[in-house]
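# An overview of the molecular structure
These are the residues of each chain, in order.
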Amino acid sequence: MTVGTAPSAAYDDVSYTRGGVVDRADVGALVRSAVDGDAAAWKALVEGLSPLVWSVVRAHRLEDADAHEVYQTVWFRFAQNLGRIREPEKAGSWLASTARHESLKVLKSLRRLTVTSDPQLLDRVSEERSPEQSVLDSEEAAAESERIRWMWQEFEELGDRCRQLLRVLMASPPPSYQEVSAALGIAVGSIGPLRQRCLRRLRARLDARGAL
Amino acid sequence: MHDEMPEGREPFEDDGFDGDLLEAELRQAAAILDPVPAQLRENAVAAFALHDLDARIAELTFDSVADAIPVRGAGDVPRMLTFTAGEVTVDVEVTSQGLMGQVLPPRPARIEVLGGPQTAVPVDADAMGRFSSDAPLTGPFALRLRTGAEVVVTEWTRA
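The paragraphs below set out a description of the structure included in this document. (Residues numbered from 1 in each chain as written. Chains lettered and ligands numbered in written order. Predicted model: local features only at pLDDT ≥ 70, side-chain atom pairs only at ≥ 80, totals over all residues. Heavy atoms only, no water.)

### Here's the deal with the overall build of chain A
Rule in force here: Secondary structure counts use DSSP, requiring at least four H or I residues in a row for a helix and at least two E residues in a row for a strand, with both numbered from the N terminus. Here's how the labels work: a residue is buried when its accessible area is under 20% of the maximum for its type, exposed when over 50%, partly exposed in between, all with a 1.4 Å probe on protein chains only. Residue contacts are counted whenever heavy atoms from the two residues lie within 4.5 Å of one another. Accessible surface area values rest on a Shrake-Rupley calculation with a 1.4 Å probe, where residue burial reflects the displayed protein chains alone.
A tally of regular secondary structure across chain A gives eleven helices and zero strands. Starting at the N terminus and ending at the C terminus, chain A contains elements arranged as α-α-α-α-α-α-α-α-α-α-α. Evaluated residue by residue, chain A yields a buried proportion of 51% over its 212 residues. Expressed as a percentage of contacts within chain A between residues at least 6 apart in sequence, the contacts between residues at least 24 apart total 69%. Surface exposure of chain A reaches about 10200 Å², of which carbon and sulfur atoms provide 51%.

This is how it looks when you write it as C-alpha cells:
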C-alpha cells in the first residue's frame, strides 16, 4: 500500500504536482501493452498524448498542411519504434521531442524556399467551428464563447516565447515539465518562472481589455 | 534568464494571481478553438498497424533539408535522404514526380513505398540496387525493403 507520501523525484515540486502527470502514470504500462499487440492500449496512448503532439506542432506555428504531416510523421515513427523505446514511461517526452524536431525541420525548409511569412493565424480561429464550439450555441453561452475568443486573441498576440510556451502547457491533460522541456528545448528549471511570467502577461492583457 | 521585459515592473509579491486557473481556461479555449483534427487522431490510431517488431529500422542519417548548405538561387533542388541500417544504406532522391534511389551495397531487392498504414506501392530494385517510383509522395513515407531473408524499413519521414 502506498499511503501518504508521494514518490519523490528530482523535480518533485514543479512537474509532479501537475495534474496530468497522474493521468500519465500508466503511460509506460500502456506502451508495454501496445508492444505486446494490445490495440486498445495503443488507442489510449493516442487519446492521451495526441493533444500534446498537436500543441507542440501548433506552438511552432506550422500551417495546416505542414502541421498535419508532422503530426502523422510523429505517430508513424512512434508506432515504428514502439518496441525500441528505452524508457516507455517517458513516451510523452519522446513524442514531444520528435514533434519539435520535425517542426523545426519544416521551418528550416520553408526559410530556404523564402516563403513570405503570412500565417493568417487569427483568421483560422474565426473560420473553423469545432464540434465543441457548436455546443456553445445557446444565447446564454454566447458571452462565454466571446470571452474564450478574446482570450485566444490575446494569447496569440503574446510574444513568441510566451505564446509558444503557453501553447504547449495548455495541452490536455497538462503535460509534465519534462515533456514541455522536450517540446521546446528549454531547461526544466526555467519553465515554472517563465510560465508564471507569461500567464501574468496574458492576465494583464485581458484586464486591459476588460474581458474577464 | 534575460527575457525581454518592456514594462519592467512585474510584481513579485503574491497578489492573489492564480496562474493555474488562467492556464485551465486556456486549456479549455484550445480544446474548442484549436483541437486535434478528428481525422488526424484516427490516422494515429490506425498507425498501430505500422508496428513491426521483425523489421530492422534504417535510420535517417542524412537529410539535405537539415544537413546540407543551401545553394543560393537554386530553386527546385531535389530532396536527398540517406537511411542506414548496419551495413545497408538506402539513398533516396525525392522530386515532385516521385522518387528514385539505390540500395547499397548494390543488391536486388523488393521494395514497397509506404504512404501510411494502408498504402504500399511495390517497386523493384535492379541488380545494382537502383529503383524508382513515379507516384508523387503526398505526405510522410517509408520504404520497406526485402532483400534475401531480411526486412528493412526506413524511418518515417516527411517527403
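### Looking at the overall build of chain B
Per the secondary structure count, chain B includes three helices and ten strands. Secondary structure of chain B in N-to-C order comes out as α-α-β-α-β-β-β-β-β-β-β-β-β. A total of 159 residues make up chain B; the buried ones form 42% of that total. Put simply, chain B shows about 8600 Å² of open surface, and 53% of that area lies on carbon and sulfur atoms.

### Quick look at unusual backbone geometry
That bond from S172(A) to P173(A) is cis: its omega, 0°, falls within 30 degrees of zero. Summarising the element assignment, P173(A) is placed in the loop between α9 (160-169) and α10 (177-184). Cis geometry marks the peptide bond from L104(B) to P105(B); its omega dihedral reads -5°. Here P105(B) shows up in the loop between β4 (98-104) and β5 (109-116). With a phi close to 60°, R61(A) is a non-glycine residue in the positive phi region.

### Brief notes about the packing of aromatic side chains
The geometry of an aromatic ring pair is captured by two quantities: the separation of the ring centres and the angle between the planes. This is how the line gets drawn: Note on ring pairs: Phe, Tyr and Trp rings are taken, using the six-membered ring of Trp, and paired if centres are within 6.5 Å. Classes follow the plane angle, with under 30 degrees stacked, over 60 edge-to-face and the rest tilted.
Enumeration according to the criterion identifies nine aromatic pairs over all chains in this entry. Look at W42(A) and F48(B): their rings are 5.6 Å apart centre to centre, the planes differ by 25°, and that puts the pair in the stacked class. Here the residue W42(A) occupies a position in helix α3 (residues 39-59), and F48(B) occupies one in the loop between α2 (38-46) and β1 (56-63), the pair thus bridging two chains. As far as the burial class goes, W42(A) and F48(B) line up, both buried. With 6.3 Å between their ring centres and 75° between their planes, W54(A) and Y71(A) make a pair best called edge-to-face.

### Considerations on the pairing of β4(B)
All names here are of chain B. To keep it simple, the criterion reads: Strands are treated as partners if at least two bridges between them are detected by DSSP.
As judged from the seven bridges shared by strand β3 (residues 88-95) and β4, these two strands associate in the antiparallel manner. Looking at the pairing, E93 lines up with M100 of β4. Across four bridges, β4 lies against strand β7 (residues 130-133) in antiparallel orientation. Looking across to β7, one finds that L99 is bridged to S133.

### Some words on the interface of chain B and chain A
Definition in use: Accessible area that two parts lose when put together, evaluated with a 1.4 Å probe and summed over both, is termed the buried area. We count a salt bridge whenever a side-chain nitrogen from Lys or Arg sits within 4 Å of a carboxyl oxygen from Asp or Glu.
Counting residues at the interface gives 60 residues for chain B and 69 residues for chain A. With both sides pooled, the region where chain B packs onto chain A buries about 5800 Å², and carbon together with sulfur makes up 61% of that total. Between chain B and chain A we count nine salt bridges in total. For the salt bridge of R58(A) with D34(B), the shortest nitrogen-to-oxygen distance reads 3.1 Å. Broken down by secondary-structure element, the contributors of at least two residues to the side of chain B that touches chain A are α1 (19-33), α2, β1, α3 (64-67), β5, β9 (150-154) and β10 (157-158) of chain B.

### A word on the state of the cysteines
Residues and elements named next belong to chain A. Test applied: Any cysteine sulfur atom paired with another within 2.5 Å is treated as part of a disulfide.
Counted according to the given criterion, the structure contains one disulfide over all chains. Two residues, C162 and C198, share a disulfide whose sulfurs are 2.2 Å apart. The S-S bond linking C162 to C198 shows a torsion near -75°; that makes this disulfide left-handed. Of this pair, C162 sits in helix α9 while C198 sits in helix α11 (residues 188-209), and the two are 36 residues apart along the sequence.

### With respect to α11(A)
Short version of the rule: Given the number of residues in a helix, its expected span is that number minus one, multiplied by 1.5 Å.
Across its 22 residues, α11(A) extends 32 Å between first and last C-alpha, which sits within 8% of the 32 Å expected from 1.5 Å per residue. Positive backbone phi, approximately 70°, marks G210(A), located one or two places after α11(A).

### Remarks on the environment of D160(A)
Residues and elements named next belong to chain A. By the secondary structure assignment, D160 is in helix α9. Of the residues examined, D160 reaches a relative accessible area of 56% and is grouped as exposed. For the pair formed by D160 and H60, sequence separation is 100 residues and the distance between their alpha carbons is 9.3 Å.

### Some points on the pattern of salt bridges
Any two side chains of opposite charge can pair if their charged atoms end up close together. Counted under the stated rule, the structure contains 24 salt bridges over all chains. In this structure, R41(B) and E47(A) form a salt bridge, with 3.1 Å as the shortest nitrogen-oxygen distance. Separated into two different chains, R41(B) in helix α2 and E47(A) in helix α3 make up a pair that spans both. Classification of R41(B) by relative accessible area gives partly exposed; the value is 21%. Here E47(A) falls in the partly exposed class, since its relative accessible area comes to 36%. By sharing partners, the salt bridges in this structure join R58(A), D64(A), R167(A) and D34(B) into a single network.

### Remarks on the packing of α11(A) against α1(B)
Operational definition: To get an axis, a line is fitted to the C-alpha atoms, and for a helix only the part in contact is used. The angle between two axes follows their N-to-C directions and goes from 0 to 180 degrees. Relative orientations are named as follows: roughly parallel for angles under 35 degrees, roughly antiparallel for angles over 145 degrees, roughly perpendicular for angles from 65 to 115 degrees, and oblique for any other angle. Classification used: nonpolar for Ala, Val, Leu, Ile, Met, Phe, Trp, Tyr, Cys and Pro, charged for Asp, Glu, Lys and Arg, polar for all others including Gly.
Close contact between α11(A) and α1(B) brings their axes to 10 Å; oriented N to C, the two are set at 75°. Classified by the interaxial angle, the pair formed by α11(A) and α1(B) is roughly perpendicular. Contact with α11(A), carried on its side by R195(A), L199(A), L202(A), R203(A) and L206(A), involves G19(B), D20(B), L22(B), E23(B) and L26(B) of α1(B) and no other residues of that element. Considering only residue class, the contact of α11(A) with α1(B) consists of five nonpolar, one polar and four charged.

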